[in-house]
Number of protein chains: 2
Amino acid sequence: MQTRPLAPNSVIGILGGGQLARMLSLAAAPLGYKTCIYCPEDNGPAIDVCHSHIVGDYGDQAKLKQFAAKVDVITYEFENIPASTIAFLNQLITVSPNLKSLQTSQDRLVEKDYLNSVGATTAPYANIATKQDLDNAVRKLGLPAILKTRTMGYDGKGQVGIKTMADMQQAYDLVSNNSSGLDKPNCILEGFINFDLEISVIIARDAAGNVAIFEPSENAHKNHILNSSTIPAQISPDIRAKACQLASDIIHGLDYVGVLGVETFITTNGNTPIIINEIAPRVHNSGHWTQDACYISQFEQHIRAIANLPLGSVARHSDVVMHNLIGDGVALASDYAKQANAKIHLYGKQEIKTGRKMGHVNLLFPLDSLIKT
Amino acid sequence: MQTRPLAPNSVIGILGGGQLARMLSLAAAPLGYKTCIYCPEDNGPAIDVCHSHIVGDYGDQAKLKQFAAKVDVITYEFENIPASTIAFLNQLITVSPNLKSLQTSQDRLVEKDYLNSVGATTAPYANIATKQDLDNAVRKLGLPAILKTRTMGYDGKGQVGIKTMADMQQAYDLVSNNSSGLDKPNCILEGFINFDLEISVIIARDAAGNVAIFEPSENAHKNHILNSSTIPAQISPDIRAKACQLASDIIHGLDYVGVLGVETFITTNGNTPIIINEIAPRVHNSGHWTQDACYISQFEQHIRAIANLPLGSVARHSDVVMHNLIGDGVALASDYAKQANAKIHLYGKQEIKTGRKMGHVNLLFPLDSLIKT
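Residues numbered from 1 in each chain as written. Chains lettered and ligands numbered in written order. Predicted model: local features only at pLDDT ≥ 70, side-chain atom pairs only at ≥ 80, totals over all residues.

(A) Summary view of the overall build of chain A. Regarding its fold elements, chain A presents 11 helices and 17 strands. The C-alpha atoms of chain A give 20 Å as radius of gyration, which agrees with the globular expectation for 373 residues (21 Å, within 12%). Overall size of chain A, expressed as C-alpha extent along the three principal axes, is 60 × 55 × 40 Å. By residue count, 50% of the 373 residues in chain A fall in the buried class. Taking the intrachain contacts of chain A between residues at least 6 apart in sequence as the baseline, contacts between residues at least 24 apart amount to 64%. (Helix = DSSP H or I, 4+ residues; strand = E, 2+ residues; numbered from the N terminus. Rg over C-alpha atoms; globule rule 2.2 N^0.38 Å. Buried ≥ 20, exposed ≤ 12 C-beta atoms within 10 Å, placed from the backbone. Contact = placed C-beta atoms within 7 Å.)

Listed below in structure tokens is the structure:
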């Protein structure tokens, strides 16, 4: 791991060309870095604002080599990049976050095993390779429960909620469709968590092991997609401290470099007030509020971490509510443009699709004005 | 003049590829706009972050046509674009700010005539075509005085300070070298202004005639180049209101659309407390502080104005001191990276030259903490 700061005018390679890569590119420029985007599509949100890009499949080793030769460090915008791609690139150049972090977050079973190994509590869970496994797990964990593919699911995709035994056929189908037939099964059953609220802890770590933690956000979902984040979250100082400590334990255990999103459930009705839902080895939608309410955004923080610059301040000058602009909802942007406290962030996507994240808006409020009493 | 908002994914054309165009591009992206840069150089600060670019001379009509065909509106990053270029493009597509604004600010004589016509006070001045004109003007305005080329000068270039008659030879040389021999002479003599401080008023106007004015900054120069801007400026509410009113009169008279920088001298030793030094028909170095101390930066404000979006709020959440990183001074960026309240903005310039603006840093402080008592 290199520890000298990346010199100005160096090139940061980013795998993936979506909105997270776009906003990473926008944050890299003021630090003096250029970005080179590698993705399979020849257009995309990040390509509008990058210095250069390479169109290639994640398995195309010749193109990946070409990519590695053009850049000074590599990062990625999402956890579904094949681990083999990262392993290949890592032989040529530093990739941050590291392979272990990617692999841990790519597989819900590996992830939950890891989280428990560092002292975090997760939902109860069971590995599901066969219908028989599912039957056994449902008996053990009880209903309601949720069956998920171990890999590749996001925003509610690849999931079946099992409320009653009437939902079992759909669950069996998910198992059948995702069973590899090898010794690595592809589903996990998670016990239902009756949580009061979901918060995110956006945490950064540098190669020297320093960490910096943004104020936790309180998240609200709609159709399994993040709808809004409110900062500060309505949590006690004690819960806040414990959630931050857990995020810290999680990031250190991975020897992680960059920004990590930690989705966390807060409960008041059980023995364990904090349950870790999942981790994302990247900048996270629930951290977009940092762009306008903090001096340093999560995007700049990620670039600083992977470029071996000192981590930036997580100081916050405003309270804020982030709203995602999803699908047709992007039309709201023109209304928000009239609103004095609204900062608009559109992603430059041409085609509007149901459930597609088209942009977000940060609504800013004076510091401490959102705290409910 | 079109007055419908420019649709998301439209392309904004920018003449010039320097740091101002770079920061305009970075501000255009979150509003959903792509930028196309037109400049004579095949690299440059803006090209790192734009969607597309065309390398061409400002006189190349074939390439300018190609540029106009690719974009939905055109703006420019500096006032030394030939007026003929803007006039040509304006036949094809809207250019904001308009030709009158460009021409007014391109020529110090036209500019001073205009400023006086809208009720602003300027330094006393005289048009200088010949050595005889200079002799006469020196007798009339007295010494010290400053001789400047009417066009193309910036950051102290194309100027001769005349403190005593011993400086006259150098002044005669400037007249000789800049006299066109036609009826349009190329120098202006300006009487010396003994001012207390220089402030900038960064003002925006949209096509409907709405204006929005950022908090005036207090500027300090070093070797004729802006060194720092401090916000708020140490001026009385009365002076602040009058300076803002003058900026408003100036921008309305030009039927201006976009952001305008108004450099203003404040004096306590004369009859006229506010003297307008010059105007710049573009985003301005003394407005860079808005990037981090305001919800909406001057760059976003300019994009909003030329895209017919509503002007954004000029609310400020922090006090701030902007320091330019000039020449070797760019090396300070690595120190600033360690400072919690410092926001770094590097321009991606490869070559360090004496006097070259390489970047700037905004040092943020809590609101009202910089007011001296």
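(B) Representation of the interface of chain A and chain B in the model. In this complex, chain A contributes 32 residues to the contact, which on the side of chain B involves 32 residues. It is strand β16 (residues 342–346) of chain A that contributes the most residues to the side of chain A that touches chain B, 4 residues altogether. Here the side of chain A that touches chain B is built from residues that sort into 16 nonpolar, 11 polar and 5 charged. (Nonpolar A, V, L, I, M, F, W, Y, C, P; charged D, E, K, R; others polar.)

(C) Region of interest: the sheet that holds strand β5 (residues 125–128) of chain A. Residues and elements named next belong to chain A. Strand order in this open sheet of 4 strands is β5-β8-β6-β7, and the pairing throughout is antiparallel. Strands with a single pairing partner mark the edges of an open sheet, and in this sheet they are β5 and β7 (159–162). Across the sheet, the mean angle from the axis of one strand to that of its neighbour is 20°, orientation sign disregarded. Bridge count for strand β6 (residues 145–149) against strand β8 (residues 187–191) is 5 bridges, and the pairing is antiparallel. (Pairing = 2+ DSSP bridges. Axes fitted to C-alpha atoms, helices over the stretch in contact; angles between N-to-C directions.)

(D) Structural view of the packing of helix α4 (residues 99–106) of chain A against helix α5 (residues 108–117) of chain A. All names here are of chain A. Interaxial distance between α4 and α5 falls to 5 Å at its minimum, and their mutual angle equals 110°. The orientation of α4 with respect to α5, classified from their angle, is roughly perpendicular. When α4 is examined against α5, the residues Q103, T104 and S105 are found in contact with a partner set consisting of V110, E111 and Y114. Along the lines of polarity and charge, the residues of the contact of α4 with α5 split into 2 nonpolar, 3 polar and 1 charged. (Parallel < 35°, antiparallel > 145°, perpendicular 65-115°, else oblique.)

(E) Seen up close, the environment of D238 of chain A. Residue and element names in this part refer to chain A. Following the sequence through the fold, D238 ends up in helix α8 (residues 237–253). Residue classification places D238 among the exposed residues on the basis of 9 C-beta atoms within 10 Å. Taking the C-alpha atoms as reference, D238 lies 23 Å from S117; in sequence the two are 121 residues apart.

(F) Summary view of the domain arrangement of chain A. Domains assigned within chain A are domain 1 (11–95), domain 2 (124–191) and domain 3 (197–366). Once you take the C-alpha centre of each, domain 1 of chain A and domain 2 of chain A turn out to be 33 Å apart. (Domains from an automatic or database assignment.)

(G) Here's a closer look at the relation of the copies chain A and chain B. Superposing chain A onto chain B takes a rotation of 180° combined with a translation of 0.0 Å along the rotation axis, leaving an RMSD of 0.0 Å. Here the symmetry operator amounts to a two-fold rotation axis. Residue V49 of chain A of chain A places its C-alpha closer to the rotation axis than any other residue of that unit, at 2.2 Å. Of the residues that chain A buries at the interface, 100% are likewise interface residues in chain B, meaning the two copies contact each other through the same surface. (Least-squares fit on C-alpha atoms with pLDDT ≥ 70 in both.)

(H) Representation of unusual backbone geometry in the model. Residues and elements named next belong to chain A. P144 follows L143 through a cis peptide bond whose omega is -5°. Assignment of secondary structure puts P144 in the loop between α6 (131–141) and β6. Residue I231 is joined to P232 through a cis peptide bond whose omega torsion reads 10°. With a phi close to 60°, N308 is a non-glycine residue in the positive phi region. When you line up the elements, N308 lands in the loop between α10 (298–306) and β15 (318–326).

(I) Seen up close, the pairing of strand β2 (residues 34–39) of chain B. Residue and element names in this part refer to chain B. Burial runs high along β2: 5 of the 6 residues are buried. Running through helix α1 (residues 19–28), the crossover from strand β1 (residues 11–15) to the neighbouring parallel element β2 is right-handed. Where β2 lies against strand β3 (residues 52–55), 4 bridges are found, and the strand directions are parallel. Following the sheet pairing, I37 is matched in β3 by H53. (Right-handed = clockwise from strand over helix to strand, strands pointing away.)

(J) Inspection of the nonpolar core at higher detail. Of all hydrophobic cores here, the largest spans 215 residues; its most connected members are L24, L189 and I303 of chain A together with L24, L189 and I303 of chain B. Sequence-distant contacts of L24 of chain A, defined by excluding residues within four places in its chain, comprise I14, T35, E77, V283, F299, H302 and I303 of chain A. (Core = buried A, V, L, I, M, F, W, Y, C linked by C-beta atoms within 7 Å.)

(K) Structural context of the sheet that holds strand β2 (residues 34–39) of chain A. Residues and elements named next belong to chain A. Strand order across the open sheet formed by 4 strands is β3-β2-β1-β4, with parallel pairing between neighbours. Where the open sheet ends on each side, the last strands, each with one partner, are β3 (52–55) and β4 (73–76). Across the sheet, the mean angle from the axis of one strand to that of its neighbour is 25°, orientation sign disregarded. As defined by bridge partners, strand β1 (residues 11–15) adjoins β2 across 5 bridges and the pair is classed as parallel. Bridge assignment links L15 to a residue of β2, and that residue is Y38.

(L) Broad picture of the environment of T354 of chain B. Mapped onto the fold, T354 of chain B is located in the loop between β16 (342–346) and β17 (357–366). For T354 of chain B and V49 of chain B, which are 305 residues apart along the polypeptide, the C-alpha to C-alpha distance reads 25 Å.

(M) Structural context of the confidence of the model for chain A. Of all residues in chain A, 96% have pLDDT values of 70 or greater, and the mean over the chain is 94. If you check the scores for this complex, the pTM reads 0.95 and the ipTM reads 0.94. (pLDDT = per-residue confidence, 0-100.)

(N) Main features of the pairing of β8 of chain A. All names here are of chain A. Counting buried positions over the 5 residues of β8 gives 4, a clear majority of the element. As paired strands, β5 and β8 are joined by 4 bridges and run antiparallel to one another. Across the sheet, residue I128 finds its bridge partner in β8, namely C187.

(O) Spatial organisation of α5 of chain A. All names here are of chain A. Listing the buried residues of α5 in full gives R108, E111, K112, Y114 and L115. Looking straight down α5, one finds that the buried residues subtend no more than 160° of arc, so they occupy a single side. The first or second residue beyond α5 is G119, which carries a positive phi of 95°. (Arc of directions from axis to C-beta.)

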